[in-house]
Amino acid sequence: MEARLELIDSYKPLFINPPDTRYFLVTGSRGSGKSYTVNLFLLNLTYESGHIILFTRYTLVSAFISIIPEFIDKIGILGKANDFDITQSEIINKKTGSKILFRGIKTSSGVNTANLKSISGVTTFVLEEAEELVDEDVFDRIDLSVRDKNHPNRVIMIMNPSFKSHWIYNRFVLNHNKNVCTHIHTTYLDNKSNLSNSFIEQAERVKSENLHRYEHLFLGKWLDDAEGLLWNRLMIDRCRISQRPELVRIVVSIDPAVTASLESDETGITILGKDSEGRGYLLEDLSGKYSPNEWSKVATQAVKNWGADCIVAEKNQGGDMVESMIRQHDKVTRVILVTATKGKYVRAEPVYSMYEQNKVFHVGTFPILERQMISFDPEKGKSPDRVDALVWGFTELLLKKELNFAVWID
């Protein structure tokens, strides 16, 4: 029996065919149902022949691990498993030949726009976690390649509202033109019937304890750039460089999560280096939602790729499990386990001071990590996992001999 799903009214314009606009901006808070509904729409669109749907994230290590399972879940709910062929990076509707291609915009060799533009016949361009893409020119180059004249063209941006300085806010929200872009915004309040009691209780608890955080996380309020207590965007932009110098040391730093469910924390994984003058460099951000086996594999592979001399990992959450997971993939790399014994501000402030003194640089752009740095308020809520990984790594590289706020175990 085929499932019949009720749509939240706000999403119904997405299903109008032909669409009223080329652009769709789908914003929402946690639990708003935005990704769920867009995924259903895309599967529905594949039942029309001739569609090639390019589904992108700025960084995408493995679609088969991070995205495709969500589509498989929707296919199961619809009772349509026999209609689709599923590979490591594509979902093909066997009835029509229409397909969804999953690709990353940024690869290990740089921005991948040339390869994305070369995909012929794209009718729909989807940018998930659009807040990650800070370069409007990259978006425009992909956008302009969507020009199939035999089908309606759609460009769908899905995002959690971030900072008002983001080009998407200025282009599609601040200067919104309903004839150009359909803006759909929902919150968990629109989707309460599909949420667990524990999620709703968590939202209400945050509301009572920290209204500012509640409005951003659960109502999807856009933020001003200066709402954190430490880093700001001007400081981060000032420290940005395009190429790394010769380095004398590289480490992989991990703030591990112990589970990989939708409710789990991310695992922060950063690659950091130091030059002969003692200056620090952020080289790569590999953070994401991983199982312990996945994050340990990603981290140990990064050791090989970068020639790192050690892995720095916080042991608070996983204890001995952290090192045992790493040892399944790497028997020889030195593992430094660190334990927090002081508050978040005490740990982060010395690293922040290195930024203030122009002693830390970002080699390229790291949209999610940098957004977390700017919004990090040590006195309010949990520090982001990517920031924690960065702080642990730079502490090992630049400050270990000067500080004594953690227990270090080689």
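What counts as what
Residues numbered from 1 in each chain as written. Predicted model: local features only at pLDDT ≥ 70, side-chain atom pairs only at ≥ 80, totals over all residues. Heavy atoms only, no water. Helix = DSSP H or I, 4+ residues; strand = E, 2+ residues; numbered from the N terminus. Buried < 20%, exposed > 50% of the residue type's maximum accessible area, 1.4 Å probe, protein only. Contact = heavy atoms within 4.5 Å. Axes fitted to C-alpha atoms, helices over the stretch in contact; angles between N-to-C directions. Parallel < 35°, antiparallel > 145°, perpendicular 65-115°, else oblique. Left-handed = near helix turned anticlockwise from the far one by under 90°. Nonpolar A, V, L, I, M, F, W, Y, C, P; charged D, E, K, R; others polar. pLDDT = per-residue confidence, 0-100. Salt bridge = Lys/Arg side-chain N within 4 Å of Asp/Glu carboxyl O. Core = buried A, V, L, I, M, F, W, Y, C linked by side-chain atoms within 4.5 Å. Polar contact = N/O pair within 3.5 Å; in protein donor to acceptor, adjacent residues only side chain to side chain. Phe/Tyr/Trp six-rings, centres within 6.5 Å; stacked < 30°, edge-to-face > 60°. Lys NZ or Arg CZ within 6 Å of the ring centre and 35° of its normal.

## Some thoughts on the environment of Ile-168
Okay, so step 1: One can find Ile-168 in helix H6 (residues 167-174).
Okay, so step 2: You can call Ile-168 buried: its relative accessible area is 0%.
Okay, so step 3: In this structure the C-alpha to C-alpha distance between Ile-168 and Ala-130, which are 38 residues apart in sequence, comes to 8.4 Å.
Okay, so step 4: Once you skip the residues sitting within four places of it in the chain, Ile-168 turns out to touch Leu-25, Ala-130, Met-157, Met-159 and Val-173.

## Some thoughts on the packing of helix H10 (residues 292-306) against helix H11 (residues 320-327)
Okay, so step 1: Interaxial distance between H10 and H11 falls to 8 Å at its minimum, and their mutual angle equals 60°. With respect to their mutual orientation, H10 and H11 come out oblique. Relative to H11, the crossing made by H10 is right-handed. Contact with H10, carried on its side by Pro-292, Asn-293, Trp-295, Ser-296 and Thr-300, involves Met-321, Val-322, Met-325 and Ile-326 of H11 and no other residues of that element.
Okay, so step 2: Each residue belonging to the contact of H10 with H11 can be placed in one class, and the counts come to six nonpolar, three polar and no charged.

## Re the confidence of the model for the protein
Okay, so step 1: On average, residues of the protein score 87 in pLDDT, and 88% of them reach the 70 mark or higher.
Okay, so step 2: Taken as a whole, residues 402-410 scores under 50 in pLDDT and shows 30 contacts with residues more than four places along the chain or in a different chain.

## Topic: the pattern of salt bridges
Okay, so step 1: The final tally for this structure, using the stated rule, is 19 salt bridges.
Okay, so step 2: With its nearest N and O atoms 3.6 Å apart, the salt bridge here joins Glu-90 to Arg-103. In this pair, Glu-90 sits in strand S4 (residues 90-93) while Arg-103 sits in strand S5 (residues 99-107), placing the two residues 13 residues apart along the sequence.
Okay, so step 3: Of the residues examined, Arg-103 reaches a relative accessible area of 24% and is grouped as partly exposed.
Okay, so step 4: The partner of Arg-327 in a salt bridge is Glu-323, with the nearest N and O atoms 3.6 Å apart.

## Some words on the nonpolar core
Okay, so step 1: With 58 residues, the main nonpolar core has Trp-231, Val-252, Ile-254, Tyr-355, Leu-390 and Phe-394 as its most contacted residues.
Okay, so step 2: Ranked by residues supplied to this core, first place goes to helix H14 (residues 385-399) with eight residues.
Okay, so step 3: Setting aside residues no more than four positions away along its own chain, Trp-231 makes contact with Ile-236, Ala-348, Val-351, Tyr-352, Tyr-355, Met-373, Ile-374, Phe-376, Val-387 and Val-391.

## Regarding the side chain of Thr-333
Okay, so step 1: In this fold, Thr-333 is placed in the loop between H11 and strand S15 (334-340).
Okay, so step 2: Among the polar contacts made by the side chain of Thr-333, one reaches the side chain of Asp-330 at a distance of 2.6 Å.

## Here's the deal with the packing of aromatic side chains
Okay, so step 1: The final tally for this structure, using the stated rule, is 18 aromatic pairs.
Okay, so step 2: Consider the rings of Tyr-23 and Phe-172, whose centres lie 5.4 Å apart with planes at 45°: the pair is tilted. In this pair, Tyr-23 sits in strand S1 (residues 23-28) while Phe-172 sits in helix H6, placing the two residues 149 residues apart along the sequence. Phe-172 matches Tyr-23 in its accessibility class, with the two residues each being buried.
Okay, so step 3: Aromatic side chains Phe-71 and Phe-102 sit 5.3 Å apart centroid to centroid with 70° between the ring planes, which places their arrangement in the edge-to-face category. One end of the pair, Phe-71, is in helix H3 (residues 68-78); the other, Phe-102, is in strand S5, with 31 residues separating them in the sequence.
Okay, so step 4: An aromatic cluster is built from Tyr-188, Phe-199, Tyr-214 and Phe-218, whose rings are joined through pairwise contacts.
Okay, so step 5: Over the ring of Phe-163 we find Arg-233, and its NZ or CZ is 5.5 Å from the ring centre.

## With respect to the packing of helix H13 (residues 367-375) against H14
Okay, so step 1: With their axes 8 Å apart at the nearest point, H13 and H14 run at an angle of 90° to one another. It follows that H13 is roughly perpendicular to H14 by the angle criterion. Each of Ile-368, Leu-369, Gln-372 and Met-373 in H13 lies in contact with H14, whose residues at this interface are Asp-385, Arg-386, Val-387 and Leu-390.
Okay, so step 2: Classifying every residue of the contact of H13 with H14 gives five nonpolar, one polar and two charged.

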